[in-house]
Amino acid sequence: MNLPTPATLKKIDPRSDSALDCLIERLFDYAGMFPPAQRDFESALRESASCNSSLRRPWLLASNLVLDTAHSQKLSETDLSVYGFNPPLSVCVLATEPFETVKSVLTSLSKTSSPIEISSLEVKTLGKPSRAIIAEWGELASQFRAMLAIEPDLSQENWSAELDSCIEGISKASQRVALKCRLTGPTGIGAEKLAVALCKACDTRSHFKVTGGLHHPVVDPSSHSYPMGFVAVAAAVMLRRVLGAAISESSIAQLLTNSSHERFSYGRNLRFDNHQISVEQLIAAKKSAHFSIGSCSLHEPDHDLIAFAETTGQSPA
């Protein structure tokens, strides 16, 4: 993909009267160090820092970086001014080390000279009940004013029971806790399981995060092998939050893999088939609970949104 240079880049400001812009604003957590991008630490820092000048829609970005524990420690020892970040820097920390190590790293991040906000602390259940995860990690996340994101393994045969247990723990937690779903890799799930998880998270008003594979707005099966797009997933979340069971789980599953632009509308209303919400309802739904997408790429989404907006009649005025 040929990316525009900062000199030729035409910036696109978000419009408060556009359902599309409201839907995608602050949607992505940048995870450039992870597959398939798999950039080295310095390259990921440079790319994240350049988003304001290299993206048409820099406001797509929610968190600047998603890092494992070891690289989070390295970040705390890095002179961020060299890369040109505009503080504060927002970081999602993956708990890939034992508790005390993660706690030490979060403390180091909180004491850097350049302000760093820890937006989320993300933990895999690894067979533990979500209640145990929350008991172990919840207070630590709260101490650093971070959201705790719990990732169950929904690729197993007992995935439904695992999901129900996780949702129950999240819904009863006194801290900010999110359900995290992985869509690619060995534990990745497809649209049908995602539809179930999405509906349960929305119906319990839980915070929600997904990661993996969502690089294109609505997927054209003739061009891309991965069946889900980020606009479709975000739309599914907001429609279910507002409409509840009036948009069924099966309709959500259809929306997630839909490739027909004719079934969507993103003007003053967000519509899929006969299901519709206003911009005002959409904004309220976004404020009601966290939702973000972890992505190794921001330039692909930014680039593809140009053609998507033109196709759906949402080009900027």
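Just above, that's the structure.
Reading the values: the criteria
Residues numbered from 1 in each chain as written. Predicted model: local features only at pLDDT ≥ 70, side-chain atom pairs only at ≥ 80, totals over all residues. Heavy atoms only, no water. 1 Å grid on protein atoms, 1.4 Å probe; cavity = no way out; pocket = protein on both sides within 12 Å on 5 of 7 lines; lining within 4 Å. Points joined across faces, edges and corners; volume = space filled by probe spheres on them. Nonpolar A, V, L, I, M, F, W, Y, C, P; charged D, E, K, R; others polar. Phe/Tyr/Trp six-rings, centres within 6.5 Å; stacked < 30°, edge-to-face > 60°. Helix = DSSP H or I, 4+ residues; strand = E, 2+ residues; numbered from the N terminus. Buried < 20%, exposed > 50% of the residue type's maximum accessible area, 1.4 Å probe, protein only. Core = buried A, V, L, I, M, F, W, Y, C linked by side-chain atoms within 4.5 Å. Contact = heavy atoms within 4.5 Å. Pairing = 2+ DSSP bridges. Axes fitted to C-alpha atoms, helices over the stretch in contact; angles between N-to-C directions.

1. Let's talk about empty space enclosed by the protein
No. 1: Scanning the entire structure with this criterion turns up two cavities of 30 Å³ or more.
No. 2: In this model, the largest cavity occupies a volume close to 40 Å³.
No. 3: Of the residues belonging to the lining of the largest cavity, the class tally is four nonpolar, one polar and three charged.

2. Considerations on the packing of aromatic side chains
No. 1: All told, the structure shown has six aromatic pairs when counted by the stated rule.
No. 2: Ring geometry for Tyr-266 and Phe-308: centres 5.5 Å apart, planes at 65°, overall edge-to-face. A residue pair is termed long-range when its members are at least 10 positions apart, and Tyr-266 in strand S9 (residues 264-266) and Phe-308 in helix H12 (residues 299-311) qualify at 42 residues. Here Tyr-266 and Phe-308 have matching classes, each one buried.
No. 3: An aromatic cluster is built from Phe-264, Tyr-266, Phe-272 and Phe-308, whose rings are joined through pairwise contacts.

3. Digging into the nonpolar core
No. 1: Counting 100 residues, the largest nonpolar core has Leu-75 and Leu-121 as its most contacted members.
No. 2: Tallying contributions element by element places helix H9 (residues 230-243) first for this core, with 10 residues.
No. 3: Apart from the residues lying within four places of it in its own chain, the contact partners of Leu-121 are Val-93, Ala-95, Val-102, Leu-106, Trp-137, Leu-140, Ala-141, Ala-146, Met-147, Leu-148 and Ala-149.

4. Side note on the sheet that holds strand S12 (residues 291-295)
No. 1: What the nine strands build is an open sheet, ordered S2-S1-S12-S8-S7-S6-S5-S4-S3; its pairing is parallel. Since the sheet does not close on itself, it has two edges, and those belong to strand S2 (61-63) and strand S3 (65-68), each with one partner. Strand-to-strand twist of the sheet, defined as the mean angle between neighbouring strand axes without regard to direction, takes the value 30°.
No. 2: Relative to strand S7 (residues 177-182), strand S6 (residues 147-151) runs parallel, the two sharing three bridges. Paired with Ala-149 across the bridge in S7 is Ala-178.
No. 3: Against the sheet, helix H4 (residues 69-76) makes contact with S3, strand S4 (89-94) and strand S5 (116-124), and its axis sits at roughly 115° relative to S3, the strand it touches most.

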